[in-house]
Amino acid sequence: MIFQFERDFVDSLRCIPMVVRYKLDSCGVKLKLNHWHGLSQVQRQQLVTLPGETPTELGYYRQQLQQWVQALTGSPAQALEIPEHPPWLNPNQIPESVAVQLASLDLPALALSDWATLNPLQRFALLKLSRPGHENRNFVPALQEFGLWRSP
């Protein structure tokens, strides 16, 4: 699934879409942008469409990705620690970075009930788009796409 707010830069798959970033964080692989660019268009599309929900699927995803990176660079991609309780899987707590990003934009706080209605990929996207030190221009478009805010 490619979000609408990503359409302008992922149709060509020149950037790593959120669905792939979600699977990378879930399977514990740090894929650098130069690795992504070194993969073929077919491989990138496969990383978008390969399933990545169950431990078995994530294990296959990690194995396949590491084979491709190894063939490309001569060494595997760096491993990431997989959080024991990823915040995007918790519908009962809005991460602080999301609340801070909303406040910094003078937007109303999210209701916990709204956060809970999001699927894990949507929560992941808002979490990633609210991280300090990153370009956050897609945070508001994501809120709009997810039905959490309408511009006046």
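Structural data are supplied above this passage.
A quick note: this is a predicted structure, and the numbers were derived from the prediction, not measured.

### Some points on the overall build of the protein
Line of reasoning, step 1. Broken down by element type, the protein carries 9 helices and 2 strands.
Line of reasoning, step 2. Taken from N to C terminus, the helices and strands of the protein fall in the order α-α-β-α-α-α-β-α-α-α-α.
Line of reasoning, step 3. Its C-alpha atoms give the protein a radius of gyration of 16 Å, within 12% of the compact-globule value 15 Å for 152 residues.
Line of reasoning, step 4. Seen along its three principal axes, the alpha-carbon backbone of the protein occupies a region of about 50 × 35 × 25 Å.
Line of reasoning, step 5. Residues counted as buried form 43% of the 152 residues belonging to the protein.
Line of reasoning, step 6. Summarising the internal contacts of the protein: among those between residues at least 6 apart in sequence, 62% fall at separations of at least 24.
Line of reasoning, step 7. Of the roughly 8,400 Å² that the protein leaves accessible, carbon and sulfur atoms contribute 53%.

### Some details on helix α8 (residues 120-129)
Line of reasoning, step 1. With 9 of its 10 residues buried, α8 lies for the most part within the structure.
Line of reasoning, step 2. Of all the residues in α8, the buried ones are L121, Q122, R123, F124, A125, L126, L127, K128 and L129.
Line of reasoning, step 3. Lining the buried residues of α8 we find α2 (18-27), α6 (96-104), α7 (112-117) and α9 (139-145).
Line of reasoning, step 4. At the N-terminal boundary of α8, the capping side chain belongs to N119, with an oxygen 3.0 Å from the backbone nitrogen of L121.

### As for the environment of Q101
Line of reasoning, step 1. Here Q101 shows up in helix α6.
Line of reasoning, step 2. Overall, Q101 belongs to the buried group, its relative accessible area being 12%.
Line of reasoning, step 3. Considered as a pair, Q101 and N136 are 35 residues apart in the sequence and their alpha carbons are 8.7 Å apart.
Line of reasoning, step 4. Every residue in contact with Q101, bar those within four places of it in the chain, is listed here: S130, N136 and F139.

Rules and cut-offs
Residues numbered from 1 in each chain as written. Predicted model: local features only at pLDDT ≥ 70, side-chain atom pairs only at ≥ 80, totals over all residues. Heavy atoms only, no water. Helix = DSSP H or I, 4+ residues; strand = E, 2+ residues; numbered from the N terminus. Rg over C-alpha atoms; globule rule 2.2 N^0.38 Å. Buried < 20%, exposed > 50% of the residue type's maximum accessible area, 1.4 Å probe, protein only. Contact = heavy atoms within 4.5 Å. Areas by Shrake-Rupley, 256 points an atom, 1.4 Å probe, with all protein chains shown as cover. Polar contact = N/O pair within 3.5 Å; in protein donor to acceptor, adjacent residues only side chain to side chain.

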